[in-house]
Structure formats: C-alpha cells, structure tokens
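# Descriptive analysis of the structure
Next come the chains, spelled out residue by residue.
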Amino acid sequence: MVDALREVHRVLTHKGVLIDARPDSRILASAERVKARGFQRFGLVSTNSLELRNDAASDRAIAHVVGEGLFKRRRRGRFWHPVPFASLADLRHYLREHLRFLHRARWIVDIATRRRYASEPFVIRRAVRYELLERR
C-alpha cells in the first residue's frame, strides 16, 4: 500500500488532497431495530480478523508516508453509515455473505425480543473514519 500512496503523491498537484475513508474496525458495528424515533440496539457485529489485520496495515502505510513527509495530516473524523434492511432475516442474510464482518451478530437482547420485532426494519450502523491528507 505504501507504493500506491507514493503513486498518489506523484500524481496529485501541490497541496492536492487525498481522502482516506474506510470502515473503522476499531469500533463495533451495531445491529439495530428502526423505531419511530431512533434505534434500539439488538446486537453488536465484529470485523473478522483478516480485515482487522488489513486495517492495521493500512494505518501503518498512512503513518509511513506521513513520516516520509509526502503528506501532511489536515483533518480527521468519523461518521456513522447505516445499512438498511427490511427485516431481521434480511440483516442476518447480509451478515452470512459479508466478507468484512463476522457472520453472526453478538445479540444483546433475548430471543423472544428478536422474534417479536423480526419483521420490522433494521439497520447495521457502522463507523466510517476519514482523514484528509495534503500533498507536500
């Protein structure tokens, strides 16, 4: 990834900006029921270990090119990205096929509660972190 970041540096104009935006695997995603006002957390969804290692490697690559003086950190932050589902079954199907997440949520509500609301809309809310890097 360091080579790719060096190539980005090469093609950006002076003071051009690279936006690094990716899921924030340091924060667990939430499986939540959509309510009239807000959400009710039903479970937590973890990132699989391969993606955790990939994210750590990406972090090291960014730190490396910043340390080389190719980029200057300008701003960073986080936002929440909701992924909507018509039902709990749809959310579970999504998790079974998703490559980044573990295939099962860690439920924090009992099975009776999950059954009671299973046909209502759900979301997975996941953190996305971003950083603006200015070419030097």
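What you see is a predicted model; the values in this text were computed from it and never measured.

Remark: helix 1 (residues 2-11) packs on helix 2 (residues 49-67), axes separated minimally by 9 Å, with the N-to-C direction vectors making an angle of 45 degrees. One element, helix 1, and the other, helix 2, form an angle in the oblique class. Relative to helix 2, helix 1 is oriented so that their crossing is right-handed. Taken together, the residues of helix 2 that come into contact with helix 1 (itself represented by Val-2, Leu-5 and Arg-6) are Ala-61, Ile-62, His-64 and Val-65. Looking at the contact of helix 1 with helix 2, its residues break down into 5 nonpolar, 1 polar and 1 charged.

Enumeration according to the criterion identifies 17 salt bridges in this entry. Between Asp-3 and Arg-6 there is a salt bridge whose closest N-O contact spans 3.6 Å. Of the two residues, Asp-3 and Arg-6 both sit in helix 1, 3 residues apart, roughly one turn of that helix. Given a relative accessible area of 34%, Arg-6 falls into the partly exposed group. With its nearest N and O atoms 2.5 Å apart, the salt bridge here joins Arg-73 to Glu-131. Of this pair, Arg-73 sits in strand 4 (residues 71-85) while Glu-131 sits in strand 6 (residues 122-135); the two residues are 58 residues apart in sequence, bridging distant segments of the chain.

To continue, consider unusual backbone geometry. The phi dihedral of Lys-15 falls on the positive side, at around 65 degrees, and the residue is not glycine. Among the structural elements, Lys-15 can be located in the loop between helix 1 and strand 1 (17-23). Exposure remark for Lys-15: the relative accessible area of 51% places this residue in the exposed category.

If you add up the space inside the largest pocket, you get close to 220 Å³. Around the largest pocket, the lining is made up of 14 residues, and of these Arg-26, Arg-73, Arg-76, Arg-129 and Glu-131 lie nearest the centre. Counting residues per element, the ones that place at least two in the lining of the largest pocket are strand 1, helix 2, strand 4 and strand 6. The element that contributes the greatest number of residues to the lining of the largest pocket is strand 4, accounting for 4 residues. Considering only residue class, the lining of the largest pocket consists of 3 nonpolar, 1 polar and 10 charged.

As a further point, take the nonpolar core. Val-45, Leu-91, Leu-95, Phe-101 and Ile-124 are the most contacted members of the largest nonpolar core, which totals 14 residues. Of all the secondary structure elements, the ones that give two or more residues to this core are strand 2 (29-34), strand 3 (39-45), strand 4, helix 3 (88-97) and strand 6. Considering each element in turn, this core owes the most residues, 3 residues, to helix 3. One finds Leu-5, Leu-18, Val-65 and Phe-71 within the second-largest nonpolar core, a separate group that totals 8 residues.

Calculation rules
- Residues numbered from 1 in each chain as written.
- Predicted model: local features only at pLDDT ≥ 70, side-chain atom pairs only at ≥ 80, totals over all residues.
- Heavy atoms only, no water.
- Axes fitted to C-alpha atoms, helices over the stretch in contact; angles between N-to-C directions.
- Helix = DSSP H or I, 4+ residues; strand = E, 2+ residues; numbered from the N terminus.
- Parallel < 35°, antiparallel > 145°, perpendicular 65-115°, else oblique.
- Left-handed = near helix turned anticlockwise from the far one by under 90°.
- Contact = heavy atoms within 4.5 Å.
- Nonpolar A, V, L, I, M, F, W, Y, C, P; charged D, E, K, R; others polar.
- Salt bridge = Lys/Arg side-chain N within 4 Å of Asp/Glu carboxyl O.
- Buried < 20%, exposed > 50% of the residue type's maximum accessible area, 1.4 Å probe, protein only.
- 1 Å grid on protein atoms, 1.4 Å probe; cavity = no way out; pocket = protein on both sides within 12 Å on 5 of 7 lines; lining within 4 Å.
- Points joined across faces, edges and corners; volume = space filled by probe spheres on them.
- Core = buried A, V, L, I, M, F, W, Y, C linked by side-chain atoms within 4.5 Å.

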